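# Secondary and tertiary structure notes
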Amino acid sequence: MSVYDVVIVGAGPAGSIAALVAHRLGLKAVVIDRLQPPREKPCGGGLTPRTWKLLNRLGVEYPVYGSCNAIETRAAGYKYVLRKEPILITRRPDFDYALLKQSGVEFVKDQVVAVKGNTVVGKMGEYVGRVIIGADGATSVVARSIGIMNYQGHKTHAIAYMTIAKGPPSDTCVIDFDTVINQTKRVGYAWIFPLGEGANIGAGVGWGPWIDLRKLVVDYAEKAGYRAGEVRGHPLSLGHVAGVGSRHVLLAGEAAGLVDATTGEGIYYAVSTGAAAAVAAYAALKIYGNEKYAHGIYQELIKEYVEEVKKTRLLSRMAKTLGTKRWAVKLLGRRLLNLYTKVYTGEATYSLLLKPVEKL
Ligand SMILES: Cc1cc2nc3c(=O)[nH]c(=O)nc-3n(C[C@H](O)[C@H](O)[C@H](O)COP(=O)(O)OP(=O)(O)OC[C@H]3O[C@@H](n4cnc5c(N)ncnc54)[C@H](O)[C@@H]3O)c2cc1C
C-alpha cells in the first residue's frame, strides 16, 4: 500500500487545485473520485471576475464558452442592468478535467466510504495519507466521517437544477428572481448564462423543503427561446460551516459548506480553499514536521473566507424575508446589486462592506 503526503478526495475545482498546489510544493499526492473524468457536475458554470483572476494568478488554463458583459437582474417587477468586468461561462466537465490534468497528480477512480485515522477507505482500495483533504462536495463523506455535519439536507442546503440548452447567442447573463418567486412562492432565482450557441439555464430555491424545479427550468428555457436538454439537480450549500476539519483532515470547497449563500457562487471558494489546504499540508509536514498541525494552520489561512460565507448565510436569510416585498426591493435592490458586484469582482468583501451596518 502506497503512503502519500496528501490524499485528496474529490476531483472538482477544490480537489484539483489542492492537487496542483501540493504537486508544485513537492508533496506526493493522489486524487480519488468516484466518477471518471470528464464528469458532469450540475452547475451554472459562471466564473466571476474574482474567480478567473485567481485562476489566472495560479497560472492555470481553462476553457471558456461564453461571456457576460452585462447582468440583467429581475426582481419584484424591476429590471436592473449592470455592466462590469465580464463573468466567464464554462462547462464543468471540461473545466474540472482541465484543472485535474494540469495538477500533474495521480488520479484513482474509487468511491470513498470512510476515513479512519490516516486511511481513506474506498470501495476498491485503501489510501494512506499523512494529510487528508476532503474536497468531495456538498454531501461530503469525509466531513461526516470525522463527525462534521456541514450537510443536513434542506436545513443546510438549497436545491438547484440546470440544463444545457440550445438557442440564440447572447452576451448578457439573466438573474431572475420574479419567475421563481411567482411560481414557487419561495425565494430563489432562475438564470440564463450564455454559452456560444445556447445557454446554461437553471433555477434554485433554498430555506425550506426541496422542490422539483425541472419543469420550471424547461418552461423557462422555452419561454426565453431555448430548447432545454437533460435537466439535473444538485444540493447547494447555504453557507453552513460547522467545521473545516480536524487534526490532519482538512475540508475544502463545498465539503466545508463554503458557498456564497446569496448567489450560489462556490467555485471561488473551492479554488481558494483547495489551494490553502495544500499550503497548510505543506506547512504542517515540511515546516512543523507533524501532520497534527495541519488543521490549525488551515483554519488560520481560511478564516476570512469562513467569516465571509457566514455573512452570506445571514444576508440570504434576510433576503428570504424581504426578497418578495416590492417596497424592500425598491429600497435596497440597486444598493444590494452594487454591493454584490463589488464582491464578485474582488474589489471588496462582505465583511468590509457590512462594517458600517455592524456598528449601528
Ligand atoms: C445547479 C448549480 C449551479 C451552480 N452554479 C454555480 C456558478 O455558476 N458559479 C459558481 O461559482 N458556483 C456555482 N455552483 C456551486 C458550485 O458548483 C460548487 O460550489 C462547486 O462545484 C464546489 O466545488 P468542489 O470542488 O468543492 O466540489 P464538487 O465540484 O462538487 O466536486 C466534488 C467531487 O467529489 C466527488 N465525490 C463526492 N463524493 C465522493 C466519494 N464518496 N468518493 C469519491 N469521490 C467523491 C464528486 O464526484 C465530485 O467530482 C452551482 C451549484 C449548483 C448545484
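Structural notes, computed from the coordinates. The structure displayed is predicted, hence computed values, not measured ones. Here the residue index of a chain counts from 1 through its sequence in written order. Under the rules for a predicted model, residues below a pLDDT of 70 receive no local features and side-chain atom pairs below 80 are neither given nor counted, while totals for whole chains, interfaces and linings still include all residues. Computation of side-chain values: all heavy atoms of the structure, hydrogens and water removed.

### Things to note about the side chain of S140
Stated precisely, the cut-off is as follows: Strands here are runs of E lasting at least two residues and helices are runs of H or I lasting at least four, both read from the DSSP assignment and numbered beginning at the N terminus. Partly exposed residues are those whose accessible area sits between 20% and 50% of the maximum for their type, while under 20% is buried and over 50% is exposed, using a 1.4 Å probe and protein chains only. Two residues form a contact once any of their heavy atoms are found within 4.5 Å.
Its place among the elements puts S140 in the loop between β11 (126-134) and α4 (141-145). On the basis of relative accessible area, S140 is assigned to the buried category, the value being 3%. With sequence-adjacent residues up to four places away left out, S140 is seen in contact with L251 and A255.

### Description of empty space enclosed by the protein
Note the threshold: Here the term cavity refers to a set of points on a 1 Å grid, laid over the protein atoms alone, in which a 1.4 Å probe fits but cannot get out; the term pocket refers to an open set having protein on both sides within 12 Å along at least five of seven lines, with lining residues being those that place an atom within 4 Å of a point. Grid points are joined across faces, edges and corners, and a volume is the space filled by probe spheres set on the points. For this classification, the nonpolar set comprises Ala, Val, Leu, Ile, Met, Phe, Trp, Tyr, Cys and Pro, the charged set comprises Asp, Glu, Lys and Arg, and every other residue, Gly included, is treated as polar.
Overall, the coordinates contain two cavities of 30 Å³ or more when judged by the stated rule. Put simply, the largest cavity is a space of about 50 Å³. Taken together, A11, D33, L35, P37, P38, R39, D96, Y97 and L100 make up the full set of residues lining the largest cavity. For the lining of the largest cavity, the element with the most residues is helix α3 (residues 92-103), which contributes three residues. Split into classes, the residues belonging to the lining of the largest cavity amount to six nonpolar, no polar and three charged. What the second largest cavity holds in volume is close to 40 Å³.

### What about the sheet that holds strand β14 (residues 188-194)?
Put simply, the rule is: Here, a strand pair is defined by DSSP locating no fewer than two bridges between the strands. For helices, the fitted line uses only the C-alpha atoms of the stretch in contact; every axis is such a line through C-alpha atoms, and the angle between N-to-C directions lies from 0 to 180 degrees.
Read across the open sheet, the seven strands follow the order β6-β5-β13-β14-β15-β12-β16; overall the sheet is mixed. On the outer flanks of this sheet lie β6 (78-82) and β16 (232-237), each paired with one strand and no other. Recorded for the sheet is a direction-independent mean angle of 20 degrees between the axes of neighbouring strands. With seven bridges connecting them, β14 and strand β15 (residues 199-205) associate as antiparallel partners. Within β15, the residue paired with F193 across the bridge is N200. In the packing of helix α6 (residues 214-223) onto the sheet, contacts are made with β5 (70-75), β12 (157-165), β13 (172-176), β14 and β15, and the angle to β15 comes to roughly 140 degrees. Most of the contacts of helix α9 (residues 326-344) go to β6, to which it runs at about 20 degrees, and overall it touches β5 and β6.

### Quick look at the packing of aromatic side chains
To keep things clear, this is the line we draw: Stacked, edge-to-face and tilted are the three classes for Phe, Tyr and Trp ring pairs, Trp counted by its six-membered ring, which pair at centre distances within 6.5 Å; planes under 30 degrees apart are stacked, over 60 edge-to-face, the rest tilted. Lysine NZ or arginine CZ positioned within 6 Å of the ring centre and within 35 degrees of the ring normal marks a charge as sitting over the ring.
Across all of its chains, the model carries ten aromatic pairs by this definition. By way of ring pairs, the aromatic residues F177, Y189, W191 and F193 are connected into one cluster. Sitting over the ring of W52, K53 keeps its end group 6.0 Å from the ring centre.

### Remarks on the site of the ligand
To keep things clear, this is the line we draw: Proximity is defined per residue: if any heavy atom of the residue lies within 4 Å of a molecule or strand, that residue is considered near it. Whenever a nitrogen or oxygen atom comes within 3.5 Å of another N or O atom, the pair is scored as a polar contact, on the condition that within protein one atom can donate a hydrogen and the other can accept it, and that pairs from neighbouring residues in sequence are kept only if both atoms are in side chains. Here the Shrake-Rupley method, with its probe set to 1.4 Å, supplies the accessible areas, and only the displayed protein chains count as covering residues. Where each domain begins and ends follows an automated or database-derived domain assignment.
Not every one of the 37 residues close to the ligand is listed here, only the nearest: D33, R39, G44, R92 and E254. Within the backbone of P13, one N or O atom sits 3.2 Å away from an oxygen atom of the ligand. In the model, a nitrogen atom of the ligand is placed 2.9 Å from a nitrogen or oxygen of the V112 main chain. Within the complex, the protein chains bury 96% of what would otherwise be the 1000 Å² of accessible surface of the ligand. Elements that contribute at least two residues to the shell around the ligand include exactly α1 (13-24), β14, β16 and α7 (267-287). Of the residues in the shell around the ligand, the class split is 17 nonpolar, eleven polar and nine charged. Two domains each donate at least three residues to the shell around the ligand, and these are domain 1 (3-65 + 88-152 + 239-318) and domain 2 (157-237).

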